[in-house]
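# A look at the structure
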Amino acid sequence: MVGSCGCGQLASSVVGYVTGWFGESGLKALTEAANVNGKNYGFDEVYVCDAAEVHYGFRSWDAFFTRKLRDGVRPVAGPDDSNIIINPCESKPYKVAHGVGDGEKFDVKGTQYSLQKMLGGDQLAQPFIGGTVYQAALSVLSYHRWHAPVSGKVSKTYVIEGTYYDQNRTNTGGSFLSKLPGSSFFGKDTDPEPADVTATATRAVILIDSDNPKIGQVAFMVVGLAEVSTCEITVKEGDSVSKGSELGMFHYGGSTHCLIFRPGIALLSFPSQSGNTVPVNQQLAVVS
């Protein structure tokens, strides 16, 4: 299942930045982004590729962008502990909201969200009203596949077609994208408000019924930013997924994602909203 829009300019910008993908400055930036866990791996030690081949063996921009991680590079936190929720994407924390209100709009530090618009309807939003929303953003330099935050069964998957290059022309502060690695690809006048894009941009939603009854159903929503509006879901409704298993991927550029939890769940230990990028599969929160 795939939702998509245009995607050329961002890819071209990134190619220019990395000087043919693997020029000196580009490879340095990609490698630094890959070592978010304090390690000192080379690019080819993190990702499945062949350094002896032209362009490390990638036959297209998209093959490079959707590159896979090598086994063991991002171990799953608490694989046998269902109380640990992992980070589904390699991403930088942006906002956490608890008690999301009546489903119309809820405000988080001056940012307004709409669960109904985010999830595509009142019926889908209703079970999550009063719950928790966590939002984070991916750098264009990072890994762009998605992993299951919990173990369970996929109860619903769908793509909501939306805009691309959604932007707020009055936003010149660069509060979101400009703080991410690789942010020079985005001009200040094209910096979208993250809350806006969760309700207007092309996005994919995967509902997972967790094996842990203390967690229950979780909504995982991924959003294409700027030209990045290709969200490919690779699991099907009815599939059983293990924590850390692949759910899908973005294509062509930086993006954002949300995890939405139902009310009544005691969630602890979310990362600092001013913190660094959290590796995929690392502990994101704990349910008590």
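Here, every reference points to the structure presented above.
What you are looking at is a predicted structure, and each value in this text was computed from that prediction instead of being measured.

### A closer look at the overall build of the chain
- The secondary structure content of the chain amounts to seven helices and 16 strands.
- Here the analysis covers contacts within the chain between residues at least 6 apart in sequence; of these, 74% occur between residues at least 24 apart.
- Accessible surface for the chain amounts to roughly 11,600 Å². Of this, 48% is attributable to carbon and sulfur atoms.

### Quick notes on the sheet that holds strand E15 (residues 267-268)
- Within the open sheet, the three strands sit side by side as E2-E16-E15. Their pairing is antiparallel. Only two strands of the sheet have a single partner each, and these edge strands are strand E2 (84-86) and E15.
- When E15 meets strand E16 (residues 283-287), the two strands line up antiparallel, connected through two bridges. Bridge assignment links leucine 267 to a residue of E16, and that residue is valine 287.

### Comments concerning the pairing of strand E9 (residues 203-210)
- Burial analysis of E9 places seven of its eight residues in the buried class, which makes it a mostly covered element.
- Relative to E9, strand E8 (residues 152-160) is paired through eight bridges, and the arrangement is antiparallel. What sits directly across from valine 154, in E9, is isoleucine 208.
- With seven bridges connecting them, E9 and strand E10 (residues 217-224) associate as antiparallel partners. The residue bridging isoleucine 206 from the neighbouring strand is phenylalanine 220, located in E10.
- The loop that links E9 with its antiparallel partner E10 comprises six residues; one of these, glycine 216, has a positive phi angle of about 70°.

### Examining the nonpolar core
- Ranked by size, the top nonpolar core spans 52 residues in total, and within it Phe43, Trp146, Ile206 and Leu247 carry the most contacts.
- A per-element tally of this core places helix H2 (residues 24-34) first, with four residues.
- Two domains each put at least three residues into this core: domain 1 (1-73) and domain 2 (84-167 + 193-287).
- Ranked by size, the runner-up nonpolar core spans 21 residues in total, among them Val133, Val197, Val223 and Ile260.

### Some thoughts on the pairing of strand E13 (residues 246-251)
- For E13, the buried fraction is high: five of the six residues fall into the buried class.
- Here strand E7 (residues 145-147) pairs with E13 via three bridges, running antiparallel. Residue pairing across strands places arginine 145 opposite methionine 249, the latter belonging to E13.
- Here four bridges tie strand E11 (residues 230-233) to E13, and the two strands are oriented antiparallel to one another. When the sheet's bridge partners are listed, cysteine 231 is paired in E13 with phenylalanine 250.

### With respect to unusual backbone geometry
- For tyrosine 56, which is not a glycine, the phi torsion comes out positive at approximately 55°.
- Within the secondary structure, tyrosine 56 is located in the loop between helix H3 (43-46) and helix H4 (61-65).
- Since its relative accessible area comes to 16%, tyrosine 56 is described here as buried.
- A positive phi angle, close to 75°, is found at asparagine 281, a residue other than glycine.
- When you line up the elements, asparagine 281 lands in the loop between E15 and E16.
- Judged by relative accessible area, asparagine 281 falls into the buried class, the value being 4%.

Parameters at a glance
Residues numbered from 1 in each chain as written. Predicted model: local features only at pLDDT ≥ 70, side-chain atom pairs only at ≥ 80, totals over all residues. Heavy atoms only, no water. Helix = DSSP H or I, 4+ residues; strand = E, 2+ residues; numbered from the N terminus. Contact = heavy atoms within 4.5 Å. Areas by Shrake-Rupley, 256 points an atom, 1.4 Å probe, with all protein chains shown as cover. Pairing = 2+ DSSP bridges. Buried < 20%, exposed > 50% of the residue type's maximum accessible area, 1.4 Å probe, protein only. Core = buried A, V, L, I, M, F, W, Y, C linked by side-chain atoms within 4.5 Å. Domains from an automatic or database assignment.

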